[in-house]
Amino acid sequence: MKLEPIIGLEIHIQLGTNSKMFCSCDNRSELLPPNTAICPTCLAQPGTLPVPNAGALRSAIKLGLALGCSIAPRLKFDRKHYFYPDLPKGYQISQFDEPICENGTFTFHVPGTKVDRSEITIGIERAHLEEDSAKSFHGSSGETLVDFNRAGSPLVETVTRPDFKTPLEAKTFLQEMRLLVRALGISDGDMEKGHMRCDANISMRPVGDTKLYTKTEIKNMNSFRSVERAIAYEIERQTALWEAGTPPVIGSTRNWNDVEQKTTESRTKEAAQDYRFFPEPDIPPFIVGSLVEEMRRELPELPSAKYIRFQKEYGFSAIDARQLIENDELATYAEHVASEFLNWAKDSDPDANEDGIKTKSAKLLSGWLLSKYPGALNELGRLFTPETVTAENFAEFLTLIYQSKINSTSAMMLLKKMIETGDHPHHLLESENLSGADEGATSTWIDEVITENPAQVAGFKSGKEALLQFLVGQVMKKSRGTADALSVAEEIRSRLL
Ligand code: ZN
Ligand code: MN
């Protein structure tokens, strides 16, 4: 029997608002000493009343719009009851039957073995606002300590439809969610800090079947990698059960153990837990109104759109485009450089094929911007800022390489000078004599190398091609990297053969 996995995710995003969901306490819980960002409201003292955080509502609406959801006309909260030491009120204020966001889709690209990524679309069932619980710490001698700083932090819980077919799709979705919440400016989406938490629901079914079978819920996955591994492990475990003729019949919750790389059962769900949901009487529902249109106007260009645009407009490869949009500041910078450089490249060769120029210049640009430039910054102990080397100067620098006015060794030296001085490349090129070793000197070095290495010269003449690299290497050494390796190789070849 051929089986297929059915995977759905529930993602909690902690919103980066200044204050908590229903009180004015500082929301940077993990940066403050335990139990200092607390007040009578988030500790649930009798007589206190919750006041919804408008910033959290704005964030939730933004996320909903970005996920293509419809936004509820009114904001309504409900109480979800359960009893646990980290929940001071004995219930969580959440949303039950009227989530603020419903029925969306999210389209993104999953990396494949090919250079390009394949596009998939996942259904979004809902996204609702709620408050976080406090944080428990289990000591080694059996004691449990509770830090209430996190109690009442604003969360958006997003529930997807069970549309994922592989662990990689689920992991990539989470990475795209992190990129999205960062672009929206509503959270840093950091999994390691617990600002993004994910549970996965997994079941298997025979291919062709349409019904859903008993699922398990996986918790305690604290990184993108553990999400991918935990789901893969669970698929394997359930497949073995199906093949043994004993598919799961009782739903259960399992915890991912990152050390042992496996899931272990924490509890079974004989019946759905009774949360005794009812409308929150302390917060009357209120009309969201024009806030939705206001938030729609505030939406930035979404990462998925930017990813496509960078490829179309500037000719970046899918991989480079993805790397660029990871960092907003870098993406904006790359865009400035690319538009300047591309305009120049087109003007300098008006007859050439436009796509060809785009691909060629984007390749040169991303090679320098994404790999060599960070390397040079690193060597000089500097960090990337858009001001270190202005976009105009970077574009001008690329034109010098494009026109073969400097070889890559000199280009690297020039770039370092640009980082150190902030000066124009043309100006530096003249004053620093970086245009490469002059031909006379190179010719002398070649003569010397030929005289000094008779055995290798004879070997090369008798057909040992590999020795050419040795000879070129000797010349490069003498020139301290300033000679152009390609023309040196040509020159040696023409002299010896
Ligand atoms: Zn408080
Ligand atoms: Mn929740």
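Use the structure listed above.
None of the values given here were measured: they were computed from a predicted structure.

Caption draft 1: Representation of the coordination of the zinc ion (ligand 1) in the model. The zinc ion (ligand 1) binds to the protein through C23 (SG), C25 (SG), C39 (SG) and C42 (SG), with metal-donor distances spanning 2.3 to 2.4 Å. Here the zinc ion (ligand 1) binds four donor atoms, and the angle range of 99 to 114 degrees at the metal identifies the geometry as tetrahedral. Motif for the zinc ion (ligand 1), donor spacing along one chain: C-x1-C-x13-C-x2-C. Taken as a pair, C25 in the loop between β1 (3–14) and α1 (54–66) and C39 in the loop between β1 and α1 lie far apart in primary sequence, 14 residues in all. The buried category is assigned to C25, whose relative accessible area is 9%. Note on C39: relative accessible area 18%, which makes it buried.

Caption draft 2: Highlighting the packing of helix α8 (residues 354–379) against helix α9 (residues 391–402). One can describe the packing of α8 onto α9 by two numbers: an axis separation of 11 Å at closest approach and a directional angle of 115 degrees. The two elements α8 and α9 meet at a crossing, and its hand is right-handed. Residues I357, K360, S361, L364, L365, W368, L369 and Y373 of α8 lie in contact with α9, whose contacting residues are F394, F397, L398, I401 and Y402. Considering only residue class, the contact of α8 with α9 consists of eleven nonpolar, one polar and one charged.

Caption draft 3: The packing of helix α5 (residues 303–314) against helix α7 (residues 328–348), seen in detail. Orientation of α5 relative to α7, taken along the N-to-C sense of each, is 15 degrees, at an axis distance of 11 Å. As far as their axial angle goes, α7 and α5 are roughly parallel. Crossing hand, α5 versus α7: left-handed. In this structure, α5 uses K306, R309, F310, E313 and Y314 to contact α7, whose residues at the interface are D328, A331, E335, A338, S339 and L342. For the contact of α5 with α7, a count of residues per class yields five nonpolar, one polar and five charged.

Caption draft 4: The arrangement of the pairing of strand β5 (residues 91–94) in detail. Both faces of β5 are covered, namely the face carrying Y91 and I93 and the face carrying Q92 and S94. In terms of strand pairing, strand β4 (residues 78–81) meets β5 through four bridges, oriented antiparallel. Across the sheet, residue H81 finds its bridge partner in β5, namely Y91.

Thresholds applied
- Residues numbered from 1 in each chain as written.
- Chains lettered and ligands numbered in written order.
- Predicted model: local features only at pLDDT ≥ 70, side-chain atom pairs only at ≥ 80, totals over all residues.
- Heavy atoms only, no water.
- Donors = N, O, S within 2.8 Å, 3.2 Å for Na, K, Ca; no water.
- Tetrahedral: all angles 85-135°; square planar, octahedral: opposite > 155°, others 65-115°.
- Helix = DSSP H or I, 4+ residues; strand = E, 2+ residues; numbered from the N terminus.
- Buried < 20%, exposed > 50% of the residue type's maximum accessible area, 1.4 Å probe, protein only.
- Axes fitted to C-alpha atoms, helices over the stretch in contact; angles between N-to-C directions.
- Left-handed = near helix turned anticlockwise from the far one by under 90°.
- Contact = heavy atoms within 4.5 Å.
- Nonpolar A, V, L, I, M, F, W, Y, C, P; charged D, E, K, R; others polar.
- Parallel < 35°, antiparallel > 145°, perpendicular 65-115°, else oblique.
- Pairing = 2+ DSSP bridges.

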